[in-house]
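# Chains, contacts and geometry: an overview
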Amino acid sequence: MREIKKVLICGAGMMGQGLAQVFSACEGLNVTVHNRRERDIFGPIRQNLEQLRDKGIITDAEIDSRLSRIKFTTDMESDEVKNADLVVECVAEEMELKQDLFATLEEICREDCIFATNTSVMSPTEISAKVNHKERVIGTHFWNPAHLIPLVEVVKTAYTSDEVVESTMAVLEKVDKKPVLCKKDVPGFIANRMQHALWREAISIVEQGIADAKTVDDAVKYSFGLRLPQLGPMENADMVGLQLTYNIHDYILKYLEDSHEPSPIIKEHLAQGKEGFKSGEGFQSWTPEAIEKSKRDLNEYLIKMIYGV
């Protein structure tokens, strides 16, 4: 198993900044963020760290220490790129862009450098198409906000070596993440498949006029959503008993939404310019203040859940 000490993040957007913060939390790691254009990454990272400081989780000294372990560069030929032990790409969700990036990096980085893609939906196997040493490529799907949510889905491609899997899992555990192994490269990996199965049913309930959007959200938040952090679906099935689970499924599954296309109601909203937070209206209406409150409340909730403060 390889020891990872130097991490390169490609892409300085929201996820790239979040990952830089994640890896900088470990004293034994040095992090470099590469972006094609100059961009301020330190301001947003400091803001996130100060939120943790204000909760008493870290100190000002720790903030300075973490930031000191992060570098930024626009130079793809820099020593930080050439000597990276692990690359995590956080560029746009465009297949050719990701493929070309790894093909370029293969000409620059060491042969034993691990190439990880942070894609949330695309096939890591397909992303590795232009790489000669495909055994080095692996999926690492971090969840937003990356600096708070523990889960990272580690996705094994058709070619990924066991050593790359072990080394990737080990460094993620080192930075206090919860890596889970997706043994097959399938669309949506593990968690997104379950999340969007729920979304499909939730949107269908609104579309059919069974309940409005806020009621659907409230039904989740104040029932099974409360226990999900402690009680997952498989354990829950065992808890209530597989006979009861079978009986319920035997009755209800035929009534659940099973469409294979996006809901028509989403298409209607998009045609009307309703894009959610971006436009101020989606399934619900959102003022700038409500949007900011939703984002702030999410971070506050996650900090409380993870750190207990």
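Residues numbered from 1 in each chain as written. Predicted model: local features only at pLDDT ≥ 70, side-chain atom pairs only at ≥ 80, totals over all residues. Heavy atoms only, no water.

## A closer look at the packing of aromatic side chains
The geometry of an aromatic ring pair is captured by two quantities: the separation of the ring centres and the angle between the planes. The test is simple: Between 30 and 60 degrees the pair is tilted, below 30 it is stacked and above 60 it is edge-to-face, where a pair is any two Phe, Tyr or Trp rings, Trp via its six-membered ring, whose centres lie within 6.5 Å. Here a helix means four or more residues in a row that DSSP labels H or I, a strand means two or more in a row labelled E, and each is numbered from the N terminus. Summary of the burial criterion: residues with accessible area below 20% of their type's maximum are buried, those above 50% are exposed, and those between are partly exposed, where the area comes from a 1.4 Å probe applied to protein chains only.
In total, this model carries 4 aromatic pairs according to the counting rule given. Judged by centre distance (5.2 Å) and plane angle (0 degrees), the ring pair of F102 and F115 falls under stacked. Here F102, found in helix 5 (residues 95-108), pairs with F115, found in strand 5 (residues 114-117); they are 13 residues apart in sequence, far enough to count as distant. On the basis of relative accessible area, F102 is assigned to the buried category, the value being 0%. On the basis of relative accessibility, which here comes to 0%, the residue F115 falls in the buried class. Note on F277 and W286: the rings are 4.8 Å apart at their centroids and 65 degrees apart in plane angle, and the pair reads as edge-to-face. On the basis of relative accessible area, F277 is assigned to the partly exposed category, the value being 31%. Owing to a relative accessible area of 26%, W286 belongs among the partly exposed residues under this scheme.

## Examining the side chain of H34
Using the following cut-off: Any two residues having at least one pair of non-hydrogen atoms within 4.5 Å are treated as being in contact.
Position of H34 relative to the elements: it lies in strand 2 (residues 30-34). Contact partners of H34, with chain neighbours within four places excluded, come to L8, I9, C10, G11, A12, T73, T74, D75 and M76.

## With respect to the packing of helix 1 (residues 14-24) against helix 2 (residues 42-54)
Stated formally: Convention adopted: a line fitted to C-alpha atoms gives each axis, helices being fitted over their contacting stretch, and angles between N-to-C directions are expressed from 0 to 180 degrees. With respect to orientation, any angle under 35 degrees is reported as roughly parallel, any angle over 145 as roughly antiparallel, any angle of 65 to 115 as roughly perpendicular, and every other angle as oblique. Throughout, a crossing is termed right-handed when the near helix is turned clockwise from the far one, and left-handed when it is turned anticlockwise from it by less than a right angle. Residues were grouped as follows: Ala, Val, Leu, Ile, Met, Phe, Trp, Tyr, Cys and Pro as nonpolar; Asp, Glu, Lys and Arg as charged; and all remaining residues, including Gly, as polar.
Put simply, helix 1 and helix 2 touch, their axes get as near as 9 Å, and they point 55 degrees apart. On the basis of their axis angle, the class for helix 1 and helix 2 is oblique. Seen along the crossing, helix 1 lies across helix 2 with a hand that is right-handed. Of helix 2, the residues touching helix 1 (which contributes Q17, A20 and Q21) are P44, I45, N48, L49 and L52. Across the contact of helix 1 with helix 2, the residue classes break down as 5 nonpolar, 3 polar and no charged.

## Re the pattern of salt bridges
Note the cut-off: Salt bridges are counted wherever a side-chain nitrogen of Lys or Arg sits within 4 Å of a carboxyl oxygen of Asp or Glu.
Taken as a whole and assessed by the stated rule, the structure comprises 17 salt bridges. Across the pair E50 and R46 runs a salt bridge whose closest N-O atoms are separated by 4.0 Å. Placement of both E50 and R46 in helix 2 is noted, with a separation of 4 residues, approximately one turn of the helix. We classify E50 as partly exposed; its relative accessible area is 26%. A salt bridge links R110 to D85; the nearest nitrogen and oxygen atoms lie 2.6 Å apart. With R110 in the loop between helix 5 and strand 5 and D85 in the loop between helix 4 (79-82) and strand 4 (86-89), this residue pair connects regions lying 25 residues apart in the sequence. On the basis of relative accessibility, which here comes to 29%, the residue R110 falls in the partly exposed class. Judged by relative accessible area, which is 13%, D85 ranks as buried.

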